[in-house]
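Structure at a glance
Single-letter residue listing:
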Amino acid sequence: MLKKRLWPGFCRHPYSGNLQADCLFVTAGLPVEGPRIPPERYLESMQLDKKVKDGAIRFILLDRIGKASLDNSVPAPLLLETLSTCIADG
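Small disclaimer: the values here were computed from a predicted structure and weren't measured.

1. As for the overall build of the protein chain
In terms of helices and strands, the protein chain carries four helices and two strands. Ordered by position from N to C terminus, the α and β elements of the protein chain give α-α-α-β-β-α. Residues classed as buried in the protein chain amount to 20% of the 90 residues present. Working note: accessible area of the protein chain is about 6500 Å², and carbon and sulfur atoms make up 59% of it.

2. Description of the environment of Asn72
Along the chain, Asn72 falls in the loop between strand S2 (67-71) and helix H4 (76-89). Classification of Asn72 as partly exposed rests on a relative accessible area of 46%. Placed 17 residues apart in sequence, Asn72 and Gly55 show a C-alpha to C-alpha distance of 9.9 Å. Setting aside chain neighbours within four positions, we find Asn72 in contact with Ala56, Ile57 and Arg58.

3. A short note on the nonpolar core
Counting 10 residues, the largest nonpolar core is built from Tyr42, Leu43, Met46, Val52, Ile57, Phe59, Leu61, Val74, Leu79 and Leu83. Considering each element in turn, this core owes the most residues, three residues, to helix H3 (residues 39-46). Excluding residues that lie within four positions of it along the chain, Val52 makes contacts with Met46, Gln47 and Ile57.

4. Overview of H3
Residue pairs spaced three or four apart in an α-helix point in one direction, given the helix's 3.6 residues per turn. Every buried residue of H3 is accounted for by Pro39, Tyr42, Leu43 and Met46. Along the long axis of H3, the arc covered by the buried residues comes to 100°, so they all point the same way.

5. Structural notes on the confidence of the model for the protein chain
Model confidence for the protein chain is summarised by a mean pLDDT of 77, while 73% of its residues fall at 70 or above. Of all secondary-structure elements in the protein chain, the lowest mean pLDDT belongs to helix H1 (residues 2-6), at 52, while H3 reaches the highest, 92. Below pLDDT 50 for its whole length, residues 7-16 participates in 17 contacts with residues either more than four positions away or in separate chains.

6. Concerning the pairing of strand S1 (residues 59-64)
As paired elements, S1 and S2 share five bridges and run antiparallel to each other. Paired with Leu62 across the two strands is Ala68, which belongs to S2.

7. Focus: the environment of Phe59
With respect to the helices and strands, Phe59 occurs in strand S1. Between the C-alpha atom of Phe59 and that of Asp71, which follows or precedes it by 12 residues, the distance is 5.1 Å.

8. Some points on the environment of Glu40
Looking at the element boundaries, Glu40 is found in helix H3. You can call Glu40 partly exposed: its relative accessible area is 45%. Sequence separation between Glu40 and Leu80 is 40 residues, and the spatial gap between their C-alpha atoms is 6.9 Å.

So, how was this worked out
- Residues numbered from 1 in each chain as written.
- Predicted model: local features only at pLDDT ≥ 70, side-chain atom pairs only at ≥ 80, totals over all residues.
- Heavy atoms only, no water.
- Helix = DSSP H or I, 4+ residues; strand = E, 2+ residues; numbered from the N terminus.
- Buried < 20%, exposed > 50% of the residue type's maximum accessible area, 1.4 Å probe, protein only.
- Areas by Shrake-Rupley, 256 points an atom, 1.4 Å probe, with all protein chains shown as cover.
- Contact = heavy atoms within 4.5 Å.
- Core = buried A, V, L, I, M, F, W, Y, C linked by side-chain atoms within 4.5 Å.
- Arc of directions from axis to C-beta.
- pLDDT = per-residue confidence, 0-100.
- Pairing = 2+ DSSP bridges.

Spelled out as structure tokens, the structure:
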């Protein structure tokens with residue numbers, strides 16, 4: 001999952017990135033991979049999200065069940081590199 005690849009240390013909830021969750025999604029018929037589009041296109045789409053503030057993409061991180069926080073400290077080059085890697089890994 002993207003968050004797990006970006007920052008293993010940012011994954012604060014003990015069950016984040018759990019393969020059991022992936023199995024749940026697949027069983028429910030939900031996607032576990034995004035469409036194959038260029039990373040720049042993903043970034044453009046992410047810039048349209050309602051969580052963007054002053055041009056910065058804010059990510060919602062789960063601290064624990066029932067408690068989330070916003071983080072906007074991800075540099076665009078790191079995000080593009082991570083998206084490229086995720087797309088290449090398939």
